[in-house]
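Analysis of the macromolecular model
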Amino acid sequence: MKVIHTEAEWKPIWSSIFKEGKQLGFVPTMGALHQGHLDLVAKSTASMDYTVVSIFVNPTQFNSSEDFQNYPQTLEADLAQLEAAGADFVFVPSVATLYPHPTHLRFDFGDLEHVLEGAFRPGHFNGVGLVVSKLFHLIQPSRAFFGQKDLQQVAVIKRLVQDLSFDLSIEVVPTRREKDGLAMSSRNMRLNPEERIQALLLYSCLTQAKERLLAGEPWTTVLADTQKAFSNAANTKLEYFALLHPETFEIFDTFTQAGARSLCIAAYVGPVRLIDNLPIIP
Ligand code: PAF
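Residues numbered from 1 in each chain as written. Predicted model: local features only at pLDDT ≥ 70, side-chain atom pairs only at ≥ 80, totals over all residues. Heavy atoms only, no water.

The next thing to look at is the sheet that holds strand E5 (residues 143-147). Taking strand neighbours across the sheet as the criterion, the 6 strands line up as E1-E4-E3-E2-E5-E6 in an open arrangement whose pairing is parallel. In this open sheet, the two strands that pair with only one neighbour each are strand E1 (2-4) and strand E6 (169-173). In this sheet, adjacent strand axes meet at a mean angle of 25° when their direction is disregarded. Two strands pair when backbone bridges link them, and strand E3 (residues 50-55) and strand E4 (residues 89-91) are joined in this way by 3 bridges, in the parallel orientation. Note that in E4 the partner of Val 52 across the bridge is Phe 89. Helix H7 (residues 124-139) rests against strand E2 (24-29), E3, E4, E5 and E6 of the sheet, and its axis sits at about 150° to E2. (Pairing = 2+ DSSP bridges. Helix = DSSP H or I, 4+ residues; strand = E, 2+ residues; numbered from the N terminus. Axes fitted to C-alpha atoms, helices over the stretch in contact; angles between N-to-C directions. Contact = heavy atoms within 4.5 Å.)

Encoded structure:
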């Protein structure tokens, strides 16, 4: 496994992969890797000739400097895990490499950016759009792999690829969960043992809501009970719980089995903001 830091190091490698006519898979990450990331790497190594993983904590997608400062960084452990997982290349750029000058470009992802993550984290998707575009241009993969846990990010990136005609395909990999259901996330590393237990409320609300909606209970009742469960639980704060179309992110205020539907949730557990989602009708 080769670790590279600059575009100059990557270009000759890319040229020889291209000349060989080989397929390059790409897994963009912000490091602090867990099994969910390794699932993306496994998908890539299974179907592509070469796999490159990027590790870059992208400053432009954090709308809170506290969140950016506290984002876990575990580079040595990440590299060891990637070596064991069979990644061929790891791209670890500096901020100056990816952002040699201040950026002025602003993305508008339409409706996607006015709801849920877009509404609660202003500027977040602009930062994601910027860094992912830069990485796609630089790495030039044939396919890129993203986790379904960041469902709205997936919708944003699909729109980015379509609107800017990036010549690559996107593969979405199901959310990896801990045995008790908590969605794996780099942010889980920041939970203390008590918060780790409290964090289970997100997944239990999702699974109970899915069951109740499919049994015919109205969405308004399910939503009100979820809000109540959070206001009764210590040390948690619900930001949103929404019923929506998983690609357009159209938000519904009633549940029908007429088309694809997912539930999305965001909540604070102590100081840590967590998100999760569950398809009801895929
Ligand atoms: O999902 C993430 O880890 C990040 O948003 C991404 C796609 C690597 C861009 O920084």
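That shown, we press on.
A word on the environment of Met 48. In this fold, Met 48 is placed in the loop between helix H2 (35-47) and E3. Along the sequence, Met 48 and Gln 23 sit 25 residues apart, while their C-alpha atoms lie 5.4 Å from each other. Beyond its immediate sequence surroundings of up to four residues, Met 48 is in contact with Gln 23, Leu 24, Gly 25, Ser 142, Arg 143 and Phe 145.

Our focus in this paragraph is the sheet that holds strand E9 (residues 272-281). The strand order across the open sheet formed by 3 strands is E7-E8-E9, and the pairing between neighbours is antiparallel. Edge positions in the sheet fall to strand E7 (236-244) and E9, since each of these pairs with one other strand and no more. Taking each pair of neighbouring strands and ignoring which way they run, the sheet shows an average axis angle of 15°. The pairing of E7 with strand E8 (residues 261-269) spans 8 bridges and is antiparallel. Counterpart to Ala 242 in the pairing with E8 is Cys 264. Most of the contacts of helix H10 (residues 200-214) go to E9, to which it runs at about 20°, and overall it touches E7, E8 and E9. Of the strands in this sheet, E7 and E8 are in contact with helix H11 (residues 219-232), which crosses E7 at around 165°.

For the rest of this paragraph, the subject is the site of the ligand. The environment of the ligand is formed by Pro 28, Thr 29, Met 30, Asn 58, Gln 61, Val 131, Phe 146, Asp 150 and Gln 153. Between an oxygen atom of the ligand and a side-chain N or O atom of Gln 61, the distance comes to 2.6 Å. In the complex, 90% of the free accessible area of the ligand, which totals 290 Å², lies under the protein chains. Its residues placed into classes, the shell around the ligand shows 4 nonpolar, 4 polar and 1 charged. (Near = heavy atom within 4 Å. Polar contact = N/O pair within 3.5 Å; in protein donor to acceptor, adjacent residues only side chain to side chain. Areas by Shrake-Rupley, 256 points an atom, 1.4 Å probe, with all protein chains shown as cover. Nonpolar A, V, L, I, M, F, W, Y, C, P; charged D, E, K, R; others polar.)

Next up on the list: the pairing of E5. Here 2 bridges tie E2 to E5, and the two strands are oriented parallel to one another. In the sheet register, Gly 25 faces E5, and the bridge partner there is Arg 143. Note: E5 against E6, 5 bridges, orientation parallel. Its bridge partner being in E6, Ala 144 is matched across the sheet by Ile 170.

Our focus in this paragraph is the side chain of Asn 277. Checked against the element boundaries, Asn 277 lands in strand E9. Reaching out from Asn 277, the side chain makes a polar contact with the backbone oxygen of Gln 148 at a distance of 3.0 Å. Once you skip the residues sitting within four places of it in the chain, Asn 277 turns out to touch Gln 148, Lys 149, Leu 151, Arg 177, Leu 206, Leu 263 and Cys 264.

Further remarks concern the environment of Glu 66. Mapped onto the fold, Glu 66 is located in helix H3 (residues 65-70). Residue classification places Glu 66 among the partly exposed positions, given a relative accessible area of 43%. Separated by 205 residues in sequence, Glu 66 and Pro 271 place their C-alpha atoms 10.0 Å apart. A polar contact is formed between the side chain of Glu 66 and the side chain of Asn 70, at a distance of 2.9 Å. (Buried < 20%, exposed > 50% of the residue type's maximum accessible area, 1.4 Å probe, protein only.)

The next thing to look at is the side chain of Ser 185. Within the element layout of this structure, Ser 185 appears in the loop between E6 and helix H9 (193-198). A polar contact of 3.0 Å, which involves the side chain of Ser 185, links it to the backbone nitrogen of Arg 187. Those residues within four positions of Ser 185 in sequence are excluded, and the remaining contacts are His 34 and Lys 149.

Because each turn of an α-helix spans 3.6 residues, side chains separated by three or four positions end up pointing in the same direction. If you check H10, its first and last C-alpha atoms are 22 Å apart, about what 15 residues at 1.5 Å a residue would give, namely 21 Å. Along H10, the residues classified as buried are Leu 201, Leu 202, Cys 205, Leu 206, Ala 209 and Leu 213. Buried residues of H10, viewed axially, fall in a sector of 135°; they line one side. Buried residues along H10 sit against H9, H11, E7, E8 and E9. Directly beyond the C-terminal end of H10, a positive phi value near 105° is found at Gly 216. (Expected span 1.5 Å × (residues − 1). Arc of directions from axis to C-beta.)

Geometric descriptors of this kind do not, in isolation, establish any biological role.
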